[in-house]
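Now for the letters of each chain:
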Amino acid sequence: MDNDRYDILITEIRKLNTALERLAGPAPIESDWTSADCFVWAPGRLYLQPVPKPNRVALTLIRGVDRVRDILHENTQRFAEGFPANNVLLWGARGMGKSSLVKAVHEDVRAASGVSLKLVEVHREDISTLPVLLDLVRDTPHRVIVFCDDLSFDHDDTAYKSLKAALDGGVEGRPENVVFYATSNRRHLLPRHMMENEQSTAINPSEAVEEKVSLSDRFGLWLGFHKCSQDDYLAMIDGYAAHYDLGLPQDKLHADALEWATTRGGRSGRVAWQYIQDLAGRLRRKVQ
């Protein structure tokens, strides 16, 4: 073979290898599980991005949700110890501490048990890549909580099929070392008007939304979060103020906090925390 033909052959082989690499997609970047306890899934790089300083509050500061707190804690404790545990859907009113509770319970159980318990957050738009993520974590020696905040689906969204398979279906099923926690404002992860529209236009209304509604059935635990009472709201305020030693007299603190809630249009755990941040800023105190 002459040199020109050889060079052409080598060039064509290199082009073919490049094309095959593109079809195969990116190679997984090995994750350093020892670098953090919390990670964010980056599907574009097939990588778990460490989060050295997670944004979370102490479990003792989360008030007004004692029952669901205890249920979630017990489920997480069993999972950390290697016993059967359920996937969990935390649903309900906005700003009542659903995602804060997941992160706080993870840290409390991890610290108390000494188990290598990891929290991996998956963004809503990356739900369709869940099967890839599960393949990556299946053989790790760690217990992994896969967490999606503010999960919901619209009428033309098919990503819920990936979630259904990851939660309960498929040949392999959910890995033994993985449990899935999600928060949502919707109990069935779908807007009510969408369910009603599909029912009204379907030949068989009872089957029109069955496939999508059955997604929520994949969660063994449904934990409901309801609107905040005034007593619960003030208990949150008192807990934060005591923890951060803000030093305001209680009657003044309560009056100020209720006025803040009125200007915000309602009471919730998020509103309580926003008030505390404002108060601490006015007092020149740090709350982190």
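Preceding this section is the structure that the text describes.
Definitions and cut-offs
- Starting from 1, residues in each chain are numbered consecutively following that chain's sequence as written.
- In keeping with the model being predicted, local features are shown solely for residues with a pLDDT of at least 70 and side-chain atom pairs are shown and tallied solely at 80 or more, while totals for entire chains, interfaces and linings include all residues.
- To get the side-chain values, take all heavy atoms of the structure and skip hydrogens and water.
- Helix and strand definitions here come from DSSP, where helices need a minimum of 4 consecutive H or I residues and strands a minimum of 2 consecutive E residues; each element is numbered from the N-terminal end.
- We call two residues contacting when some pair of their heavy atoms lies within 4.5 Å.
- Each accessible area value is a Shrake-Rupley result obtained with a 1.4 Å probe; residue values ignore everything except the protein chains displayed when judging cover.
- Helices are assigned an expected span. That span is 1.5 Å times one less than the residue count.
- For the exposure calls, accessible area comes from a 1.4 Å probe over protein chains only, and a residue counts as buried if that area is under 20% of its type's maximum, exposed if over 50%, partly exposed in between.
- By the criterion applied in these results, polar contacts are pairs of N or O atoms within 3.5 Å in which, for protein atoms, one can donate a hydrogen and the other can accept it, and in which residues neighboring in sequence qualify only through two side-chain atoms.
- Here, strands pair whenever DSSP counts at least two bridges between them.

1. Points about the overall build of the protein chain
Secondary structure summary: the protein chain contains 11 helices and 7 strands in total. Of all intrachain contacts in the protein chain linking residues separated by at least 6 positions in sequence, the fraction that spans at least 24 positions is 74%. Taken as a whole, the protein chain presents about 16100 Å² of accessible surface, with 49% of it coming from carbon and sulfur.

2. A short note on helix α3 (residues 98-113)
Look at α3: 22 Å from first C-alpha to last across 16 residues, which is about the 22 Å you get at 1.5 Å a residue. Every buried residue belonging to α3 is among Lys98, Ser99, Leu101, Val102, Ala104, Val105, His106 and Val109, and all of these are buried.

3. Thoughts on the side chain of Asn87
Position of Asn87 among the secondary structure elements: in the loop between α2 (66-80) and β3 (88-92). A distance of 3.0 Å separates a polar side-chain atom of Asn87 from the backbone nitrogen of Phe180. Apart from residues no more than four positions distant in its own chain, Asn87 is found in contact with Leu167, Arg174, Val179, Phe180, Arg218, Phe219, Gly220 and Leu221.

4. Description of the pairing of β3
Burial of β3 is extensive: 5 of the 5 residues sit out of reach of the surface. Here β3 runs beside strand β6 (residues 178-184); their pairing, made up of 4 bridges, is parallel. Residue pairing for β6: Trp91 is matched across the bridge by Ser184. When β3 meets strand β7 (residues 221-225), the two strands line up parallel, connected through 5 bridges. The residue of β7 that forms the bridge with Trp91 is Gly224.

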